[in-house]
Amino acid sequence: DAGVIQSPRHEVTEMGQEVTLRCKPISGHDYLFWYRQTMMRGLELLIYFNNNVPIDDSGMPEDRFSAKMPNASFSTLKIQPSEPRDSAVYFCASSRTDYTEAFFGQGTRLTVV
Amino acid sequence: AQSVTQLGSHVSVSEGALVLLRCNYSSSVPPYLFWYVQYPNQGLQLLLKYTTGATLVKGINGFEAEFKKSETSFHLTKPSAHMSDAAEYFCAVSDSGGSQGNLIFGKGTKLSVKP
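Summarised in this report is the structure supplied together with it. (Residues numbered from 1 in each chain as written. Chains lettered and ligands numbered in written order. Predicted model: local features only at pLDDT ≥ 70, side-chain atom pairs only at ≥ 80, totals over all residues. Heavy atoms only, no water.)

1. Remarks on the overall build of chain B
So, step 1. Scanning chain B for helices and strands turns up zero helices and 11 strands.
So, step 2. Reading the helices (α) and strands (β) of chain B from amino to carboxyl end gives β-β-β-β-β-β-β-β-β-β-β.
So, step 3. Relative to a compact globule of 115 residues, whose C-alpha radius of gyration would be 13 Å, chain B shows 13 Å and is just as compact.
So, step 4. For chain B, the C-alpha atoms occupy an extent of roughly 40 × 30 × 20 Å along the three principal directions.
So, step 5. Per-residue burial for chain B yields a buried fraction of 45% across its 115 residues.
So, step 6. By sequence separation, contacts in chain B at least 24 residues apart represent 57% of the contacts at least 6 residues apart.
So, step 7. Roughly 5300 Å² of accessible area belongs to chain B as shown, and the carbon and sulfur atoms make up 52% of that amount.
So, step 8. Side chains of chain B give 9 positive and 7 negative charges; the mean places of these two sets differ by 2 Å. (Helix = DSSP H or I, 4+ residues; strand = E, 2+ residues; numbered from the N terminus. Rg over C-alpha atoms; globule rule 2.2 N^0.38 Å. Buried < 20%, exposed > 50% of the residue type's maximum accessible area, 1.4 Å probe, protein only. Contact = heavy atoms within 4.5 Å. Areas by Shrake-Rupley, 256 points an atom, 1.4 Å probe, with all protein chains shown as cover. Lys, Arg positive; Asp, Glu negative; His and termini not counted. Charge placed at Lys NZ, Arg CZ, Asp CG, Glu CD.)

The following block contains the structure:
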């Protein structure tokens, strides 16, 4: 298996623009997690899905952030409108169950100028 | 509320020396504890985890960690550092039976290995 695939690897956008980050989990994994990593706040869980259904989105910072999982092989994290403080590395991870190892993608480095 | 404190944001050791990365946690219930490693420009990879039972846990790449309830600690060690161990290491805690939807991460410790 190719592992968790995220795209793009790098994104530079201007403040106010819409940004969409994409994730393809490992086939057969029922759980998908979106994390954000910054120097100030470290690694934070934003939202996670089970069988394409959002289970906990309490980590989503604002209404500007939204996440969807239309099918078992694809998820998106959207920021609209983007702000400079959204600059971070965003990771997607997937796991077979909630209690087994989560495998992380390589991340998307987002820079909002 | 649960929390994780990693002492030392940056640790430097010589190749062949002992690696000791410190982690203290706070949890209101018996915790599940994890160590992850992040190589440059990569995602996190699980090194080891403690759930119940034996307090000394062995992981990949020669790392191990010991759960000490009295000290609320879960320090990561490796007897002999290798250049390939240079990476950032994260300690994490879950008090929801190990649920990854409730993992709280420490700020990380960057390990440098000198030749």
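Now that the structure has been shown, we can carry on.
2. Some remarks on the pattern of salt bridges
So, step 1. Considering all chains together, one arrives at 10 salt bridges over all chains under this definition.
So, step 2. Taking the shortest distance from any N to any O, the salt bridge between arginine 85 of chain A and glutamate 62 of chain A comes out at 2.8 Å. Taken together, the positions of arginine 85 of chain A in the loop between strand S8 (74–79) and strand S9 (88–95) and glutamate 62 of chain A in the loop between strand S6 (53–56) and strand S7 (65–71) put the pair 23 residues apart, joining distant regions of the chain.
So, step 3. Relative accessible area serves as the criterion here: at 54%, arginine 85 of chain A is assigned to the exposed category.
So, step 4. Residue classification places glutamate 62 of chain A among the partly exposed residues on the basis of a relative accessible area of 26%.
So, step 5. For lysine 78 of chain B, the salt bridge is made with aspartate 85 of chain B, and the minimal N-O distance between the two is 2.9 Å. This pair shows no difference in class: lysine 78 of chain B is buried, exactly as aspartate 85 of chain B is. (Salt bridge = Lys/Arg side-chain N within 4 Å of Asp/Glu carboxyl O.)

3. What about the interface of chain A and chain B?
So, step 1. Contacts between the two partners involve 21 residues from chain A and, on the opposite side, 18 residues from chain B.
So, step 2. The largest per-residue losses of area from chain A upon contact with chain B belong to Leu43, Tyr99 and Phe104 of chain A, which jointly make up 31% of the total buried on that side.
So, step 3. Summed over the shared surface of chain A and chain B, the result is zero salt bridges.
So, step 4. On the surface where chain A and chain B come into contact, there are six residue pairs in polar contact (both at pLDDT 80 or more).
So, step 5. Only strand S4 (31–38), strand S5 (42–50) and S9 of chain A provide two or more residues apiece to the side of chain A that touches chain B.
So, step 6. The residue inventory of the side of chain A that touches chain B, partitioned by class, reads 10 nonpolar, seven polar and four charged. (Buried area = accessible area lost by both parts, 1.4 Å probe. Polar contact = N/O pair within 3.5 Å; in protein donor to acceptor, adjacent residues only side chain to side chain. Nonpolar A, V, L, I, M, F, W, Y, C, P; charged D, E, K, R; others polar.)

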